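Below are the chains, spelled out letter by letter.
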Amino acid sequence: MTESNNPLVEAQERYQSAVPFRTLPVLTQRLEEVLGNTLAEDIQAPIDAPPYHRAIAEGFVVNTEETRTASEDNPVTFKIGGEILPGDEQCPEIPPGQGFAVVTGSILKSGDYSVVRMWDCEREGAHFTVTRPFPPRFFIEDQGCDIARGDIVLKAGTVLGPTEIGTLASLGIQQVPVMQAPRITLFSSGNEVIPYTEPMRPGAIWDCNAPMLSAAIRQEGGIPVFGGIMKDDFEQFVEALKQALAQSDMVVISGGTAVGGRDFVADMVRE
């Protein structure tokens, strides 16, 4: 069965086309407050990530060209000219015949440089020797290789979880445009339904739908408001629905009941 003639899909499309939609207000919130909220706008990267060239292994940064002729028969020896530590604001010039010690995260320059990893060389005192050539930018992560400035990193409609919040923090984004969380009133229905906190009695069933759907609403960025367990009283339920619709952005009804041959909930929706 294709999606186009799937009765479930067709029913969902008919329902969605009949329900009025409106846009909720956009709020600007601090990054610490947006967990579970829905992003209102596409977010573009304000900077490159990583924001500078950096080493991604421990070793020594050297001029690549100086390793071209290195082999077992023709080892090339470098003097350790210094070190570049994470947090240093710039990479010094690398003089000919020298290599600077680096660790993961050390800032580096653009150009024909390579990182010789610790296990790719033999160190002896203030010198180290290589016995093979290295390709340019070997074990160097270039600025913007993960995210380029201006890239869309998160699309509007994304529910913000820990991963998304981490992405925004890594780009220095402090204020986030989010949709105002929709207020959703939830009703359970049925004469036999009782709160799960009450003792079980013959002919009754515990209301498991309300806690489950409340959790689903929270998980998707909404604010659940439990309207209660409604009995099979048409007029009373209609009035409760009207009041809920006046105070909420959406109403969810759990359960369907046939009373006297009527589809009780469907008739209420029509009403």
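Everything numeric in this text was worked out from a predicted model, so none of it was measured. (Residues numbered from 1 in each chain as written. Predicted model: local features only at pLDDT ≥ 70, side-chain atom pairs only at ≥ 80, totals over all residues. Heavy atoms only, no water.)

1. Overview of the sheet that holds strand S13 (residues 183–189)
Note the cut-off: Strand pairing follows a simple DSSP-based rule, namely that at least 2 bridges must link the two strands. Put simply, DSSP H or I for four residues or longer makes a helix, DSSP E for two residues or longer makes a strand, and each gets a number counted from the N terminus. Inter-axis angles, ranging from 0 to 180 degrees, are taken between N-to-C directions of lines fitted to C-alpha atoms, where helices are fitted over the stretch in contact. Contacts: residue pairs with any heavy atoms within 4.5 Å of one another.
In spatial order, the strands read S16-S13-S17; together these 3 strands make up an open sheet with parallel pairing. With partners counted over all chains shown, the strands left at the sheet margins are strand S16 (223–230) and strand S17 (250–254), one partner each. Each strand axis lies, on average, 20° off the axis of its neighbour in the sheet, ignoring direction. Where S13 and S16 come together, 7 bridges link them in parallel fashion. Of the residues in S16, the one forming a bridge with Arg183 is Ile223. Across the sheet, helix H4 (residues 234–247) lies against S13, S16 and S17, angled at about 165° from S13, the strand it touches most.

2. Notes on the pairing of strand S7 (residues 113–117)
The test is simple: Between buried and exposed lies partly exposed: a residue is buried under 20% and exposed over 50% of the maximum accessible area for its type, with that area taken using a 1.4 Å probe on protein chains only.
The buried fraction of S7 is high, at 5 of 5 residues. Residues of S7 alternate between two faces, with Tyr113, Val115 and Arg117 on one and Ser114 and Val116 on the opposite face, all of them buried. Where strand S4 (residues 59–63) and S7 come together, 5 bridges link them in antiparallel fashion. Across the sheet, residue Val62 finds its bridge partner in S7, namely Ser114.

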